[in-house]
Amino acid sequence: MRSVTTALQVLEAVAVNQPVGLSALARALGLPKTTVQRSLTTLADSGWIEQQASTGRWQVGVRAFVVGSAVSARGGLRSIALPMMRELGVEVGETVHLMVPTGREVVLVERVDSLQPVRAVAPLGARGPLHATSNGKAVLAALPPDEVDAYIAGGLHAVTPNTLTDPDRLRTELRRIAEAGYSVCQEEFEAGVVSVGAAIRPGHGRPIASLSVSCPKSRVSPELFAPYGEKVRLTAEAVAAALPVDVDAV
């Protein structure tokens, strides 16, 4: 029973401090590294947490997301956002995604599908790097400069040939996003898919999530980026206004 309690304590500590290393976890919990490492291995084998390949630090896994989503379906971000996502989907006729940041990625927690026969669809729980997705770039643009610098220092890998991997170009893009209030992703995460996103920031504070409209490139010309961006921005602001300032992300 003690080992179960310890594992749960480690899981909670990872969720609060992610991404986090073994030494930092052991200090935070006041436990020996060997004890924490055993719990980390058990949790990772079960899918509750996962280790970042680039840093070796730990973050919550898809299984924790699935359980958290089942609980939060009764209230919170997803239930508040979903009706507004449906309205946005009807207005633009495209797929709407709700994603939350975790470590260096965003995770898809809710989706409203387009009724078009050809549409952009990703499974719940799908992940994408912050710098390679419209949802992620919207989040990055709303973070303090030191956190953006730390993210860039961690490396900007290319997902597609269009992914922004040059730090200066990414910083320029993030400034544009901050000014416009929306991000644009042009085949930077998936070939043939374009998306427009905006951060959800309760009380105009830290971004806890982001919304995006995703669609096949063939259906969206650059002239539509601004009007779509404005619609996504207004929807994200409406969701943020309906949330308490100290709301958790899922």
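Details of the structure are given in the entry above.
Residues numbered from 1 in each chain as written. Predicted model: local features only at pLDDT ≥ 70, side-chain atom pairs only at ≥ 80, totals over all residues. Heavy atoms only, no water.

Trainee: An account of helix 6 (residues 134–141) is needed here, citing residue identities and associated values.
Mentor: Within helix 6, eight of the eight residues are buried, leaving the element largely enclosed by the surrounding structure. Within helix 6 the residues assigned to the buried category are Ser134, Asn135, Gly136, Lys137, Ala138, Val139, Leu140 and Ala141. (Buried < 20%, exposed > 50% of the residue type's maximum accessible area, 1.4 Å probe, protein only. Helix = DSSP H or I, 4+ residues; strand = E, 2+ residues; numbered from the N terminus.)

Trainee: Could you give me a rundown of the side chain of histidine 97, with the residues and numbers involved?
Mentor: For histidine 97, the location among the structural elements is in strand 3 (residues 95–102). If near-sequence neighbours (up to four positions away) are discounted, histidine 97 is found in contact with Met85, Leu108, Glu110, Arg111, Ala120, Ala122, Asn135, Ser210, Leu211, Ser212 and Ser214. (Contact = heavy atoms within 4.5 Å.)

Trainee: Quick one: what's the story with the nonpolar core, residue by residue and with numbers?
Mentor: Grouped together as the largest cluster of nonpolar side chains are 31 residues, with contacts concentrated most on Leu77, Leu98, Ile200 and Leu211. Where this core is concerned, the elements lending two or more residues are helix 5 (77–92), strand 3, strand 4 (105–112), strand 7 (193–200), strand 8 (209–216) and helix 9 (225–242). Every residue in contact with leucine 98, bar those within four places of it in the chain, is listed here: Leu77, Arg78, Ala81, Met85, Val107, Leu108, Val109, Glu110, Ile200, Ala209, Ser210 and Leu211. Residues Met99, Val139, Tyr151 and Ile152 belong to the second largest nonpolar core, which totals 16 residues. (Core = buried A, V, L, I, M, F, W, Y, C linked by side-chain atoms within 4.5 Å.)

Trainee: How would you summarise the packing of helix 6 against helix 8 (residues 167–180) if you had to cite specific residues and measurements?
Mentor: Close contact between helix 6 and helix 8 brings their axes to 9 Å; oriented N to C, the two are set at 80 degrees. It follows from the interaxial angle that helix 6 and helix 8 lie roughly perpendicular. Where helix 6 approaches helix 8, its residues Lys137, Ala138, Leu140 and Ala141 are matched on the opposing element by Glu173, Leu174, Ile177 and Ala178. For the contact of helix 6 with helix 8, the per-class residue count stands at six nonpolar, no polar and two charged. (Axes fitted to C-alpha atoms, helices over the stretch in contact; angles between N-to-C directions. Parallel < 35°, antiparallel > 145°, perpendicular 65-115°, else oblique. Nonpolar A, V, L, I, M, F, W, Y, C, P; charged D, E, K, R; others polar.)

Trainee: An account of the pairing of strand 6 (residues 183–186) is needed here, citing residue identities and associated values.
Mentor: For a regular strand, the rule is simple: side chains alternate between the two faces of the sheet. Pairing between strand 6 and strand 7: four bridges, direction antiparallel. Paired with glutamine 186 across the strands is valine 194, a residue of strand 7. Between the antiparallel neighbours strand 6 and strand 7 lie six residues, among them glutamate 187 with a positive phi of about 55 degrees. (Pairing = 2+ DSSP bridges.)

Trainee: Residue-level account of helix 7 (residues 145–153), with values.
Mentor: Turning to helix 7, its buried residues number three or more, namely Val148, Tyr151 and Ile152. One side of helix 7 holds all its buried residues, which, seen down the axis, span an arc of 95 degrees. Relative to its buried face, helix 7 has exposed residues pointing more than 90 degrees away, namely Asp146, Ala150 and Ala153. Looking one or two residues beyond helix 7, the residue adopting positive phi is glycine 155, at roughly 105 degrees. (Arc of directions from axis to C-beta.)

Trainee: Before we move on, can you summarise the pattern of salt bridges with the specific residues and values?
Mentor: The tally for this structure, following the rule as stated, stands at 14 salt bridges. Note that glutamate 105 is salt-bridged to arginine 127, the shortest N-O span being 3.0 Å. Within this pair, whereas glutamate 105 is found in strand 4, its partner arginine 127 is found in strand 5 (residues 127–129), the two being separated by 22 residues in sequence. Two residues, arginine 206 and glutamate 147, come together in a salt bridge whose shortest N-O distance is 2.6 Å. With a gap of 59 residues between them, arginine 206 in the loop between strand 7 and strand 8 and glutamate 147 in helix 7 connect regions that are remote in the sequence. Residue classification places arginine 206 among the partly exposed positions, given a relative accessible area of 49%. Salt bridges here are not isolated pairs; linked through shared partners, they connect Lys137, Glu173, Arg176 and Glu188. (Salt bridge = Lys/Arg side-chain N within 4 Å of Asp/Glu carboxyl O.)

Purely spatial values, then, with no claim about function.
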